[in-house]
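Here is how the chains run, residue by residue.
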Amino acid sequence: MRGLKVVTIGGGSSYTPELVEGLIKRYDTLPVRDLWLVDIPEGEEKLNIVGNLAKRMVAKAGVPIDIHLTLDRREALKDADFVTTQIRVGLLKARAKDEHIPLKYGVIGQETNGPGGLFKGLRTIPVILDIAREMNELCPNAWLINFSNPAGMVTEALLRYGEFDKVIGLCNIPIGMRMRVARMLDVEAHRICIDFAGLNHMVFGLNVYLDGENVTERLLALMVGEKTPGLTAKNIPDIEWEPEFIKALGVLPCPYLKYYFQTDEMLREQQAVVKEQGTRAEVVQKLEEELFELYKNPDLDTKPPQLEKRGGAYYSDAACSLIDSIFNDRRDIQAVNVRNSGAIASIPAESAVEVNCVITRDGPKPIAVGDLPVPVRGLVQQIKSFERVAAEAAVTGDYHTALLAMTINPLVPSDAIAKRMLDEMLEAHQAYLPQFRQSSHSDI
Ligand code: G6P
C-alpha cells in the first residue's frame, strides 16, 4: 500500500501537535508517509519549533512518518492526498482587533460571530480560494479539509466560488458536544449519538441518544439548575441558561448559541473580562507563548496537556477520524460542513450546512433531517444569508455588499452602527484586505 501525503497549511499553529498525535494513534489504519507542514515567512520560527516537536513525537512513537517543513506551499501541495488548512490571516493581532472594535460600539466582539466573524471571513476567504485553485492544479485528487474560521462561511465561499470540489469544512464543536454530553451523563462517548443539524457555530443536537435510547429531555434537564460540567467550550463563557427556555427549546444548542440567546449577558461578561485580562485573543496570546516555550524543550516528545486550555480541543480527533474514514471507506457518521443537497429543507440546496454525514471514500454523504424546528429555523436562515452576503463581499471586495453583510447580522443593532464599525474595521485591517483597496466609499 502506498503511504499517504498529508499537507497542513498553517503548520506552525500551536494546534499542530494535536494533529500529529492523532496521526500517530491511527498509523496502523492510516499509513501517512509524509506530513508537510507549511507556513508563511512570518510564521517560520513557530513552524520550526512545532516541526521539531512533531519530529520528536514521531520518533518517540516509532512510526515512519517523515515530517517536512516548508514555506513553499506549491512544493508541498504537489500530489498531496489530504490537505488541511488552519490559517489565521493577520495572526492574533487581527483577532484582537476583531474582538475590541465591536465592543467599543456595544456589540459582541467574537472571532467567528458578529462583526469579528465577518472580518475574519473577509481576510481568510481569498487566501483559501487561492489554495483551492492551486490544489486544482497540483493535487486534483486530494481532499481539502478546512478548519480555518469562520469555517461555515469559508465552506460557503469554497462551494460557490472555489475551483475545487472535494471540500469539507470541519469544526471541533460537534465532537466536543458529544464528549461533554457523555461527561454529563457519566458514560463513555462512544455510547452517545447526536443528530446534528444547522450551520457551523450554529448547530443543534435535534436528538441525543444513549445506547440508542432518546435521552434529549433528560439531558436538557441536566443543562440547567445545578452547575453541571457544562456544554461549553474553553473560549466561551458558561453563563447559565434560563431553565424554562431550555425546556421549551427542546433541542440541544451548541455553545455559540449563547451569543444569540443571551446577547446582553454575554456582552456584559465580555466587557467585564476585557478590563481584567483583555479579549480572548490576548488570553490566547499568553497561552501560545507558554505553549511555544514548552514546545522548544528538546526533551518534550508528546503533546503537552496545556494545549487543552485552547478552545479547539479534539480538533485532531475530528480531523484524523475524518481522514481515516475517507481513506478506509468506513461509512460511519460524522458532523461536517458540506453542500446541503436537500439535507435540511429550509436551507438552499447549494449552500454549506453542518450536518451528520455518512463518511465514504467518495466523501461525506449528508443525512436528511427534514427541517429544523420553527423556533430556530429563522435564525439559522438569517445567518445563512449573512454568510452568503459576506462570502460575496470577500470575493468582490465590494463595500456595499460588506455593509449589507454587517447590517443583516443579528448581533448588529442598526445600519448606522454597522457602517461605523465597517469603516473602522476596514481601516484597521486594510493590510489584509487587498480586495477592498479599489473600492471607494467616499460617496456614501
Ligand atoms: C472553538 C471553536 C473553534 C475555535 C476555537 C477558538 O473550539 O470551535 O472554531 O477556533 O474555539 O479557541 P481559542 O482557544 O483560540 O479561543
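Residues numbered from 1 in each chain as written. Predicted model: local features only at pLDDT ≥ 70, side-chain atom pairs only at ≥ 80, totals over all residues.

Peer 1: Could you clarify how one ought to interpret the overall build of the protein in this entry?
Peer 2: The number of helices and strands found in the protein is 16 helices and 13 strands. Here the protein has a C-alpha radius of gyration of 21 Å; the compact-globule value for 444 residues is 22 Å, and the two agree. A burial count over the protein gives 49% of its 444 residues as buried. Sequence separation of 24 or more characterises 69% of the internal contacts of the protein that already satisfy a separation of 6 or more. (Helix = DSSP H or I, 4+ residues; strand = E, 2+ residues; numbered from the N terminus. Rg over C-alpha atoms; globule rule 2.2 N^0.38 Å. Buried ≥ 20, exposed ≤ 12 C-beta atoms within 10 Å, placed from the backbone. Contact = placed C-beta atoms within 7 Å.)

Peer 1: Where do I start with the site of the ligand in this structure?
Peer 2: The full set of residues close to the ligand is Asn149, Cys171, Asn172, Ile173, Ala233, Lys234, Asn235, Arg280, Val284, Arg310, Gly311 and Gly312. Here the shell around the ligand is built from residues that sort into 4 nonpolar, 5 polar and 3 charged. (Near = placed C-beta within 6 Å. Nonpolar A, V, L, I, M, F, W, Y, C, P; charged D, E, K, R; others polar.)

Peer 1: Sorry if this is basic, but what is going on with the UniProt feature "site: Increases basicity of active site Tyr" (unreviewed entry) in the protein here?
Peer 2: The UniProt entry lists Glu111 under the feature "site: Increases basicity of active site Tyr" (unreviewed entry), expressed in the numbering used here. With respect to the element layout, glutamate 111 can be found in the loop between α4 (91-104) and α5 (114-138). If sequence neighbours within four positions are ignored, glutamate 111 has contacts with Arg95, Asp98, Glu99, Gly116, Gly117, Lys120 and Asn149. (UniProt positions renumbered as here; feature names shortened; annotations may be inferred.)

Peer 1: It is not clear to me how the nonpolar core should be interpreted in this structure. Could you clarify?
Peer 2: Core analysis: the biggest nonpolar cluster contains 133 residues, and Val83, Leu170 and Leu322 have the highest contact counts within it. If we ignore the near neighbours within four places in the chain, the residues touching leucine 322 are Ile145, Ile168, Leu170, Gln334, Val336 and Ile359. (Core = buried A, V, L, I, M, F, W, Y, C linked by C-beta atoms within 7 Å.)

Peer 1: How should helix α7 (residues 173-185) be read in this particular structure?
Peer 2: Note on helix geometry: an α-helix contains 3.6 residues per turn, so any two residues three or four positions apart are oriented the same way. Here α7 spans 18 Å end to end across 13 residues, near enough to the 18 Å set by a 1.5 Å rise per residue. Taken together, the buried positions of α7 are Ile173, Pro174, Ile175, Gly176, Met177, Arg178 and Val181. Turning to α7, the residues buried within the fold contact β7 (192-199), β8 (202-210), α8 (216-222), α13 (315-327) and β11 (332-339). Within two residues after α7, aspartate 186 carries a phi angle of roughly 60°, on the positive side. (Expected span 1.5 Å × (residues − 1).)

Peer 1: Even after reading the chapter, I still don't get the packing of helix α15 (residues 399-408) against helix α16 (residues 415-428), so can you show me in this structure?
Peer 2: Each packed pair of helices is defined by two parameters, the angle between the axes and the distance between the axes. Contact pair α15 / α16: the axes reach a minimum separation of 9 Å and the direction vectors enclose 125°. The pairing of α15 with α16 is recorded here as oblique in orientation. Helix-helix and strand crossings are classified by hand; for α15 and α16 the assignment is right-handed. Residue-level inspection shows Ala402, Leu403, Met406 and Thr407 of α15 in contact with α16, the latter providing Asp415, Ala418, Lys419, Met421 and Leu422. (Axes fitted to C-alpha atoms, helices over the stretch in contact; angles between N-to-C directions. Parallel < 35°, antiparallel > 145°, perpendicular 65-115°, else oblique. Left-handed = near helix turned anticlockwise from the far one by under 90°.)

Peer 1: Mind showing me how you'd approach the confidence of the model for the protein here?
Peer 2: Any region with low pLDDT has predicted coordinates that should not be read closely. Averaged over all residues, the pLDDT of the protein is 95; the fraction at 70 or higher stands at 97%. Model confidence for the complex: the whole-complex pTM is 0.96, and ipTM, which rates the interface, is 0.97. (pLDDT = per-residue confidence, 0-100.)

Peer 1: Just to check I follow, could you spell out the UniProt feature "binding site: Mn(2+)" (unreviewed entry) in the protein for this structure?
Peer 2: This chain's UniProt record puts "binding site: Mn(2+)" (unreviewed entry) on Cys171 and His201. The annotated residues occupy 31 residues of the chain but converge on a single region, no pair of C-alpha atoms lying more than 8.3 Å apart. Relative to the helices and strands, cysteine 171 resides in the loop between β6 (167-169) and α7. When near neighbours in sequence (up to four residues on either side) are disregarded, cysteine 171 contacts Ala151, Asn200 and Glu354. In this structure histidine 201 touches Thr112, Asn113, Gly152, Ile173, Cys254 and Tyr256, once residues within four positions along its chain are discounted.

Peer 1: What is the right way to look at the pairing of strand β5 (residues 143-146) in this model?
Peer 2: Two faces, one strand: in a regular strand the side chains alternate between the faces of the sheet. With burial as the criterion, each face of β5 is covered, one bearing Trp143 and Ile145 and the other bearing Leu144 and Asn146. Two elements, strand β4 (residues 82-85) and β5, share 4 bridges in a ladder whose sense is parallel. Paired with threonine 84 across the two strands is isoleucine 145, which belongs to β5. Pairing of β5 with β6, which is carried by 3 bridges, proceeds in the parallel orientation. Within β6, the residue paired with asparagine 146 across the bridge is glycine 169. Read from β5 through helix α6 (residues 151-161) to β6, the crossover connection turns out right-handed. (Pairing = 2+ DSSP bridges. Right-handed = clockwise from strand over helix to strand, strands pointing away.)

Peer 1: Which parts of the structure should I look at to understand the packing of helix α14 (residues 374-396) against α15?
Peer 2: It is at 8 Å that the axes of α14 and α15 come closest, and there the two elements cross at 155°. Of the possible angle classes, the one that applies to α14 and α15 is roughly antiparallel. For the crossing formed where α14 meets α15, the hand is left-handed. The segment α14 lies against α15, with Ser385, Phe386, Val389, Ala390, Glu392, Ala393 and Thr396 engaging Thr401, Ala402, Leu404, Ala405 and Ile408. By residue class, the composition of the contact of α14 with α15 is 8 nonpolar, 3 polar and 1 charged.

Peer 1: What exactly am I supposed to notice about the environment of threonine 407 here?
Peer 2: With respect to the helices and strands, the residue threonine 407 is situated in helix α15. Look at threonine 407 and you get partly exposed, because 19 C-beta atoms sit within 10 Å. Expressed as a C-alpha distance, the spacing of threonine 407 and proline 115, which sit 292 residues apart in the sequence, is 9.2 Å.

Peer 1: What should I look at first to understand the environment of arginine 33 in this one?
Peer 2: Within the secondary structure layout, arginine 33 lies in strand β2 (residues 32-38). Each C-alpha atom of the pair arginine 33 and leucine 4 lies 5.2 Å from the other, and the pair is 29 residues apart in sequence. Those residues in contact with arginine 33 that lie beyond four places of it in its chain are Gly3, Leu4, Lys5, Ile65 and Asp66.

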